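# Secondary and tertiary structure notes
Take a look at the letters that make up each chain.
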Amino acid sequence: MNVEKSKELLSLASSIREKTVKIVIDGNGGHIGGDLSEIDILVSLFEYMKHDPKKPQWSQRDYFILSKGHAAEAYYAVLQQYGYLTQEDLDTFGKFGSKLGGHPTKKLLGVEANTGSLGHGLGIGTGMALGLKMNGQENRVFVLTGDGELAEGSNWEAAMAASAYKLSNLTWIIDRNHLQISGNTEEVMPLENLVEKVESFGFHVIDIDGHNFEQIFIALDTCIENKPVCIIANTVKGKGLYCAENNVEWHHKTPSLEQYEQLKKDMKDLVERGDQ
Amino acid sequence: MNKESLRSAFADTILKKAQSDKEIIVVCSDSRGSGLVTDFANELPSQFVEIGIAEQNAVTVSGGLASIGKKVYTVGPASFYSMRSAEQIKVDLAYSKNNVKIIGISGGISYGALGSTHHSLQDYALMRAIPDLLVLSPSDSNQMKSLVDELLLTTVPAYVRIGREAVPVIYPEDIKIKIGKAIKWFDGKDIGIIASGQMVHRAIEAAELLKKDNISATVLDMFTIKPLDKETIIELAKSCGCILTVEEHSIYGGLGSAVSEVVVENYPVPMKIIGFTDDDIPNGSDTEVFESFGMDANGIVMTAKTLISKR
């Protein structure tokens, strides 16, 4: 990846971070920690995937499922950035009758699955990838789960089936931010060794820095014959809002306006420096 | 009376339909044998998906298949699909409006001595509380065949409960049913009996026995548990003045409860609900078990007479 592209993505992700925090402040709530950890992945996906906001049902589009549906605010900011939602839509978040709920639904353009209850996205993605494969279609399916979410056994049922049906058109991305609402994942319900676990379920596993665009793009571009791919994206919960980074208290906390101003300043410095 | 199983009626019909419609997919959870879809799996392997013993995943994967346009029939034990996978049915089928029909086989007490783990006596209650889900409990093999035709015409997800054993064929081969419309038997004025599934033929037998005692009964085959045919129930309450329901289900939350909700709000009349109480279900054949719970024709007659006296 050339330096220019990398800078462009950094600037885009920084602006999505600002927008996400604004949505949470204006809506008076949201899952800010998990929002901020997934943003670099979401931005990369929406740059990488085949999709067209003017034709959301385009038959050749790739499919994306946000299994960690509670991290909806960052997803909404990205959907607005790519033309599926308007700024007016974002302004309604948290208000009575808004079409933007705390979890995404298929009623919104660009959203492929209703999520919210954890441990469903990978199974839905498995069904989609299987159906596409049956049809001989080349569309790919991307599913983003959290890491705390992986205690749900349904993920492992889905992983078995995805591997049994050799779904090379399925990419499972794990937002490995190591935190969940009660604490560190390894204290609440240990996942390690996660690479070995997922590999043993028949996936080709790629372990990356989930905030490094070059690594994310190489991983998204990886397709293996007869095997689904799993990207373990190591991330920082609360990434970019420095007071919230790696802090369990920020699973769902509303930032103050001062903290928002600080984030804007920090994002400006970051983009000027040009490093992540 | 000729007997046929609803399982084979479903299996034969879906195989024929799937031969000419490649979008039809059957999903199983190590249940192809008991679902009688082994022939389907062998003849149309590219339209058959085996998920293994994982009913929750079978439902979610079915939802994914449907969301890219497949017409999915997910076949497996009613007991596990309706309870273990209740959340997946709620979220990935009903809430997500995915075109998946759950064919819950060996429903009710079909599994007999296999016991409570395998009985599905709460499925009407659970499934009917889920918005945007059809809940069906057909009563004979010809009705089942016609139901498959109807299910193929709708994209609304459905839960269909059928039993294991062959049951009397009570409808002609060319019967055409309409989802949501009860089938009326007789034109009695003394009592209305509403039944579903394999209780329907017992209710008809009971109505014939009552006739000998100069009691005229109307029987409704309420094969659609949801959406319930409210209009016909209200008419029945008006014309008969009392209603007895009979179901192979817990007396809590099922057909009887659904009917009483309509009756109480629209035209209150005395009612009695026949079904399974919280008492232990003895091991035995279904005939023996039904008799012990007053769910055979004679039991229905006895309860009917008591109810009429309260009218």
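Residues numbered from 1 in each chain as written. Chains lettered and ligands numbered in written order. Predicted model: local features only at pLDDT ≥ 70, side-chain atom pairs only at ≥ 80, totals over all residues. Heavy atoms only, no water.

## Here we look at empty space enclosed by the protein
Residue and element names in this part refer to chain B. We apply this condition: Site definitions follow a grid-based scheme: protein atoms alone, a 1 Å grid, a 1.4 Å probe that fits but cannot get out for cavities, and for pockets an open set with protein on both sides within 12 Å along at least five of seven lines, plus lining residues having an atom within 4 Å of a point. Grid points are joined across faces, edges and corners, and a volume is the space filled by probe spheres set on the points. Polar here means any residue other than Ala, Val, Leu, Ile, Met, Phe, Trp, Tyr, Cys and Pro, which are nonpolar, and Asp, Glu, Lys and Arg, which are charged; Gly is therefore polar. Start and end positions for the domains come from either an automated domain assignment or a database one.
In the structure shown here, the tally under the stated rule is three cavities of 30 Å³ or more. Looking at the largest cavity, its volume works out to about 160 Å³. Lining the largest cavity we find 18 residues, and of these I162, G163, G197, Q198 and E248 sit closest to its centre. Residue composition of the lining of the largest cavity, grouped by class: five nonpolar, eight polar and five charged. Taken domain by domain, the lining of the largest cavity gets at least three of its residues from each of domain 1 (3-168) and domain 2 (183-309). There is about 90 Å³ of room inside the second largest cavity.

## Regarding helix α8 (residues 200-212) of chain B
Residues and elements named next belong to chain B. As a reminder, the rule being used: In this text, helices come from DSSP runs of H or I with a minimum length of four residues, and strands from runs of E with a minimum of two, each type numbered from the N-terminal end. How far a helix is expected to stretch is found by multiplying one less than its residue total by 1.5 Å. Residue burial is assigned from relative accessible area. The probe radius is 1.4 Å, only protein chains are included, and a residue is buried under 20% of its type maximum, exposed over 50%, and partly exposed in between. Here, two residues are considered to be in contact whenever any of their heavy atoms come within 4.5 Å of each other.
Helix length check: α8, at 13 residues, gives a terminal C-alpha distance of 19 Å against a target of 18 Å (1.5 Å per residue), a fit within 8%. Turning to α8, its buried residues are V200, H201, R202, A203, I204, A206, A207 and L210. Those residues of α8 that are buried lie in contact with β8 (167-168), β9 (183-185), β10 (191-195), β11 (217-221), α11 (286-292) and α12 (297-309). Two residues or fewer after α8 comes N214, characterised by a positive phi angle close to 60 degrees.

## A short note on the nonpolar core
Rules: Remark: nonpolar core denotes a set of buried residues (Ala, Val, Leu, Ile, Met, Phe, Trp, Tyr, Cys) joined through side-chain atoms within 4.5 Å.
W172(A), V198(A), I194(B), I233(B) and I243(B) are the most contacted members of the largest nonpolar core, which totals 72 residues. Broken down by element, this core gets its largest block of residues, six residues, from helix α5 (residues 121-134) of chain A. Residues lining this core come from more than one domain, with at least three contributed by each of domain 1 (3-168) and domain 2 (183-309) of chain B. Excluding anything up to four places from it in sequence, I233(B) contacts I194(B), M222(B), L228(B), I243(B), V259(B), V262(B) and V263(B). Counting residues in hydrophobic clusters, the runner-up holds 67 residues, among them C28(B), I175(B), F276(B) and M295(B).

## Description of the UniProt feature "domain: Transketolase-like pyrimidine-binding" (unreviewed entry) in chain B
Let me state the cut-off plainly: UniProt positions are given in the numbering used here, feature names are shortened, and annotations may be inferred rather than shown by experiment.
With numbering aligned to this structure, UniProt lists the feature "domain: Transketolase-like pyrimidine-binding" (unreviewed entry) at residues 4-169 of chain B. The distance from the first to the last C-alpha atom of residues 4-169 of chain B is 6 Å, and the span holds 42% helix and 19% strand.

## Let's talk about helix α1 (residues 3-27) of chain A
For α1(A), which comprises 25 residues, the first-to-last C-alpha distance of 36 Å matches the rise-based estimate of 36 Å (1.5 Å per residue) to within 8%. Just downstream of α1(A) lies N28(A), where phi reads positive at about 60 degrees.

## Structural notes on the interface of chain B and chain A
Counted only if it meets this: By buried area we mean how much accessible surface two parts lose on assembly, using a 1.4 Å probe and totalling the loss over both. What makes a salt bridge here is a side-chain nitrogen of Lys or Arg within 4 Å of a carboxyl oxygen of Asp or Glu, nothing more.
Facing 22 residues of chain B, the contacting portion of chain A comprises 21 residues. Between chain B and chain A, roughly 1800 Å² of surface is buried when both sides are summed, and carbon and sulfur atoms account for 57% of that area. Where chain B touches chain A, the interface holds zero salt bridges. At the level of elements, β3 (48-50), α3 (55-67) and α5 (86-95) of chain B are the ones that each hand at least two residues to the side of chain B that touches chain A. Tallying contributions element by element places α3(B) first for the side of chain B that touches chain A, with seven residues.

## Here we look at the domain arrangement of chain B
Residues and elements named next belong to chain B. Domain annotation of chain B identifies domain 1 (3-168) and domain 2 (183-309). A separation of 26 Å is found between the C-alpha centroids of domain 1 and domain 2. With 29 residues of domain 1 at the contact, the number on the domain 2 side is 30 residues. By the criterion of area lost to domain 2, the three top residues of domain 1 are I109, Y124 and R128, representing 32% of everything that side buries. Our count for the domain 1 to domain 2 interface comes out at two salt bridges. One salt bridge connects E261 with R128, and the closest N-O pair in it is separated by 2.7 Å.

## Here's the deal with the sheet that holds strand β7 (residues 158-161) of chain B
All names here are of chain B. Worth spelling out the cut-off: Strands were regarded as paired on the criterion that DSSP finds at least two bridges between them. The convention used is that axes are lines fitted to C-alpha atoms, helices contributing only their stretch in contact, and that angles between N-to-C directions extend from 0 to 180 degrees.
In spatial order, the strands read β3-β2-β4-β5-β7-β6-β12; together these seven strands make up an open sheet with mixed pairing. Strands with a single pairing partner mark the edges of an open sheet, and in this sheet they are β3 and β12 (224-226). Ignoring strand direction, the axes of neighbouring strands in this sheet form an average angle of 20 degrees. Where strand β2 (residues 24-28) lies against strand β4 (residues 71-77), five bridges are found, and the strand directions are parallel. Each bridged residue has a counterpart across the sheet, and for V27 the counterpart in β4 is T74. Lying over the sheet, helix α1 (residues 6-20) contacts β2, β4 and β5 (100-105), oriented at roughly 140 degrees with respect to β2.

## Quick look at the packing of aromatic side chains
Residue and element names in this part refer to chain A. As a reminder, the rule being used: By convention, a stacked pair of Phe, Tyr or Trp rings (six-membered ring in the case of Trp) has centres within 6.5 Å and planes under 30 degrees apart, an edge-to-face pair has planes over 60 apart, and any other such pair is tilted.
Here the structure, examined in full by the defined rule, presents 16 aromatic pairs over all chains. Ring plane angle 75 degrees and centroid distance 5.5 Å describe the contact between F64 and Y75, whose orientation is recorded as edge-to-face. Placement of the pair is F64 in strand β1 (residues 63-66) and Y75 in helix α3 (residues 72-81), with a sequence separation of eleven residues. Accessibility expressed as a relative area gives 3% for F64, which makes it buried. In this structure an aromatic cluster arises from ring pairing among F46, F64, Y75, Y82 and Y84.

## Concerning the pairing of strand β2 (residues 141-145) of chain A
Residues and elements named next belong to chain A. The buried count for β2 comes to five of five residues, which makes it a mostly enclosed element. Going residue by residue along β2, you find V141, V143 and T145 tucked away on one face and F142 and L144 tucked away on the opposite face as well. In this sheet, β2 lies alongside β1 in parallel orientation, the contact comprising four bridges. Looking across to β2, one finds that L66 is bridged to L144. Where β2 lies against strand β3 (residues 170-176), five bridges are found, and the strand directions are parallel.

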